[in-house]
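Here's the letter readout for the chains.
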Amino acid sequence: MTSEGPDESSKAGPVPGAYALLKSGSPVSVPAEAVLCQEGHTTPNCYFLTQGQIGIEKVIHGKPRKLAMLGPGAMVALMAALDGAPANVTAKALLDSTVIEIAPRGLTGLLASDEKESLSASTLLAVHGIRCLRDVTQKLANLLCESITEPNQAGHLDLISAARIQAHAYGWQLDPHSPTG
Amino acid sequence: MNQSLRQVRLFEAMSESERAGLARFMRERSFANGDTVCLRGAPGDTMFVILQGAFSVVVQGKTSETLEIARVERGEVLGEMFCIDPSPRPATVLAVGPTKVLEMGRDDLARMRREAPKSAAALITAVFREIVRRLRRVDDRVERELASEEESFFSDLWPEERGLRALTDGDVPTPWKACFSRIRGCA
């Protein structure tokens, strides 16, 4: 990975919360195939994708499976960075990409600050976290019900679909223009 | 009021002054036994901290009977996500016995951001960490299922025969209603 200078163009456009989020970390270039977080391992940092593409994958029954693809605006590995538990998926760059790498101190500082911009940033994260949780909950509920009601499933959970829902918990697509209240 | 907030798990990481700031923007409200607190599908933008009594979260069963799918007791919070991101209520909530709560709405949070930003930041952070905790529970639950050779998801998911009957016996409720209680256990 290499470091780049600050991106002044990010000051225009996104709401203050998004800009504060970008400022809380450092922009780095990641080449295609670089791993941002590894399944089974802890990760101290989370990443905000500004350019490129990130894939979420997982080994299921011995086979690597692609579960999701994320574009610019995605927040990756936030859950693993916050609670320090190992990630249950792998996130890696699919193309040469640019991310804002947010270290634990940057994230904690952002959440603890009562500065207006930081408050907007923590609200932006909270809103998207809430929407992710609602979405994941709804999808999981649908999947569980299908498992019981679909005649050809006979109570068996579709594990790939469950893993895709799990992947969603690791990669949130942020809308920098969403109102932060 | 401050004393009551001290015992709420969601607010345990907040300092005394942050909780005091939060308390300024909450108001007490009382419900009689059976009162409807909110209806499924109605717009929701408030959270409730139970001081006394309890809330029963209910859905319509297969034969229009009311099924309790969760109970929110003294010291617990209901709807903390709604004052940050309003959304239709996913279930109906009824008061169980005489119930006293502290209520805070989205407008109160907006005011708190302007007048007590430290407390607002602490509350939003507390809710955010709770969301991450719940996402992790979903993640862990799916992970255990993927790792297990047995189909364990259902064995401890619906111990109540009633819930399972509602799912499998003809007219199936919407997935969301049917699974809410157990998903809520995960999430």
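Residues numbered from 1 in each chain as written. Chains lettered and ligands numbered in written order. Predicted model: local features only at pLDDT ≥ 70, side-chain atom pairs only at ≥ 80, totals over all residues. Heavy atoms only, no water.

Draft legend 1. Up close: the packing of aromatic side chains. All names here are of chain B. Scanning all chains against the criterion turns up 3 aromatic pairs over all chains. Note on Phe31 and Phe55: the rings are 5.7 Å apart at their centroids and 80° apart in plane angle, and the pair reads as edge-to-face. Remark: Phe55 occurs in strand β4 (residues 46–60) and Phe31 occurs in strand β1 (residues 27–31); sequence separation between them is 24 residues. In this pair, the class of Phe31 matches that of Phe55, namely buried. Seen from their ring centres, Phe48 and Phe55 are 5.6 Å apart, and the 85° between their planes marks the pair as edge-to-face. (Phe/Tyr/Trp six-rings, centres within 6.5 Å; stacked < 30°, edge-to-face > 60°. Helix = DSSP H or I, 4+ residues; strand = E, 2+ residues; numbered from the N terminus. Buried < 20%, exposed > 50% of the residue type's maximum accessible area, 1.4 Å probe, protein only.)

Draft legend 2. Here's a closer look at the sheet that holds strand β6 (residues 63–70) of chain A. All names here are of chain A. Pairing is antiparallel in the open sheet, where 4 strands are placed in the order β3-β8-β5-β6. Each edge of the open sheet carries a strand with a single partner, namely β3 (35–37) and β6. Taking each pair of neighbouring strands and ignoring which way they run, the sheet shows an average axis angle of 30°. In this structure, β3 lies alongside strand β8 (residues 90–93), joined through 2 bridges in antiparallel fashion. Looking at the pairing, Val35 lines up with Lys92 of β8. The strands that helix α5 (residues 159–168) touches are β5 (54–60) and β6; relative to β6, the one it contacts most, it runs at about 45°. (Pairing = 2+ DSSP bridges. Axes fitted to C-alpha atoms, helices over the stretch in contact; angles between N-to-C directions. Contact = heavy atoms within 4.5 Å.)

Draft legend 3. Structural detail: the pattern of salt bridges. Residue and element names in this part refer to chain B. Tallied over the entire structure, the rule returns 22 salt bridges over all chains. Across the salt bridge formed by Arg29 and Glu103, the nearest N and O atoms sit 3.1 Å from each other. Taken together, the residues Arg29 in strand β1 and Glu103 in strand β8 (residues 92–105) connect sequence positions 74 residues apart. For Glu103, a relative accessible area of 8% puts it in the buried group. Glu80 is the salt-bridge partner of Arg134, the closest N and O atoms lying 2.6 Å from each other. Of the two residues, Arg134 is situated in helix α4 (residues 117–147) and Glu80 in the loop between β6 (77–78) and β7 (87–88); the sequence distance between them amounts to 54 residues. The class for Glu80 is buried, based on a relative accessible area of 6%. Here the residues in one salt-bridge network are Arg9, Glu80, Glu130, Arg133 and Arg134, joined through shared partners. (Salt bridge = Lys/Arg side-chain N within 4 Å of Asp/Glu carboxyl O.)

Everything listed here is a matter of geometry and, on its own, says nothing about what the molecule does.
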